[in-house]
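Architecture and fold: a report
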Amino acid sequence: MAYSFSETQKIRLSELGVKKEVREQEFEEKQAAGKSYQKIEKEAVTENKRRIRTLLYETRQPKLCRLQNDLADCLIGHGFTQVATPTILSRKFLERMTIDGTHPLNDQVFWLDQKTCLRPMLAPNLYDVSKRLMNFSKLPLRVFEIGSCFRKESEGRQHLKEFTMLNLVEWGTPIEERNERLKEFSKIVLNAAGIKDFKVEEEESVVYGKGIDIVSPDGLELASTSMGPHPLDDAWNVTCSWVGVGFGLERLLMYREKEEGIHRYSRSLAFLDGARLNIK
């Protein structure tokens, strides 16, 4: 007869960041399983405390904040201008993105009242700000934003209700160079995030239609892309060709740090910088 850890013990080890293959191991004797659990749990608690002390006395910034800073510095070095736009979005901006009451994304929106919501994406504000910046700049114009977005997602291993997006766009990209530019910008960001391997797959977006996704070798989506001219451009009086890429930063951290789920590096009161906070 094989013995394994109890469900309560497995949950405890999972909260402490112990990998699934360790949590699911089996033993020939019940006593051996008990001793192994005690050892693994003690080591995991020690590791969590070490991570918290490292944050408090050495790095002083969680990886999510450091990643935002690294990516911003990298993109600015490649000629992008960073912008900061409101988190509260007007209904008319969503409708310009074709997100009305019949759109699949509408049910995921956090509405504040009849006219405003928490933004589910950065694109509407980037459209608006970029169009205004074109009055001050010749093309190509490179712009990016990093900020929180909100969707009523089912919070599984890869999704959050509040997540941090990086969206970059180059306005005025020559049409024949769009695909290569998407790959170039994706590589710049992923390399800055410490991720070297990725592949390109065709994908259908609920907003932008057919495009390409940037995925890890094992199929995890790391970035989604878009390009224009696009039918959405008319609502913003944009007439140039362009390319854009969007990254979820918590997901990049989950993949880079080889975590099983996204929550350890999210904006959380239970976790901080990959460590469980309520440990004893």
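These remarks concern the structure in this document. Computed from a predicted model, the values in this text were never measured in an experiment.

So, the overall build of the protein
When its secondary structure is counted, the protein shows eight helices and twelve strands. Its C-alpha atoms give the protein principal-axis dimensions of about 70 × 40 × 35 Å. Counting across all 280 residues of the protein, residues that qualify as buried make up 46%. Here the contacts in the protein between residues at least 6 apart in sequence split such that 66% fall between residues at least 24 apart.

Let's talk about unusual backbone geometry
At the junction of L139 and P140, the peptide bond is cis and its omega measures out at 0° in the coordinates. By the secondary structure assignment, P140 is in the loop between α6 (123-133) and β5 (141-150). Residues G228 and P229 are joined by a peptide bond in cis, for which omega reads 15°. Positionally, P229 belongs in the loop between β9 (221-228) and β10 (242-248). Here the phi dihedral of N237 falls at roughly 55°; this positive angle occurs in a residue that is not glycine.

A word on the pattern of salt bridges
This model, assessed by the stated rule, comprises 20 salt bridges. Ionic pairing is found between E180 and K183, a salt bridge with its closest N-O pair at 3.8 Å. Here E180 pairs with K183, and both are found in helix α7 (residues 178-192), just three residues apart, close to one helical turn. Note on K183: relative accessible area 34%, which makes it partly exposed. One salt-bridge network, in which partners are shared between bridges, spans E47, R50, R51, E259 and R264.

Observations regarding the state of the cysteines
Per the stated rule, a full pass over the model turns up zero disulfides. Residue C65 stays outside any disulfide, its sulfur separated by 16 Å from that of C149, the closest cysteine. For C65, a relative accessible area of 31% corresponds to the partly exposed category. As a non-bridged cysteine, C74 has C65 as the owner of its nearest cysteine sulfur, 18 Å distant. Residue C74 is classed as buried on the basis of its relative accessible area of 18%.

Quick word on the side chain of D273
Among the secondary structure elements, D273 is positioned in the loop between β11 (271-272) and β12 (275-276). A polar contact is formed between the side chain of D273 and the backbone nitrogen of K63, at a distance of 2.6 Å. Residues contacting D273, with those up to four places away along its chain left out, are R51, L55, Q61, P62, K63, R66, R264 and Y265.

The rules we used
Residues numbered from 1 in each chain as written. Predicted model: local features only at pLDDT ≥ 70, side-chain atom pairs only at ≥ 80, totals over all residues. Heavy atoms only, no water. Helix = DSSP H or I, 4+ residues; strand = E, 2+ residues; numbered from the N terminus. Buried < 20%, exposed > 50% of the residue type's maximum accessible area, 1.4 Å probe, protein only. Contact = heavy atoms within 4.5 Å. Salt bridge = Lys/Arg side-chain N within 4 Å of Asp/Glu carboxyl O. Disulfide = S-S within 2.5 Å. Polar contact = N/O pair within 3.5 Å; in protein donor to acceptor, adjacent residues only side chain to side chain.

By themselves these figures say nothing about function.
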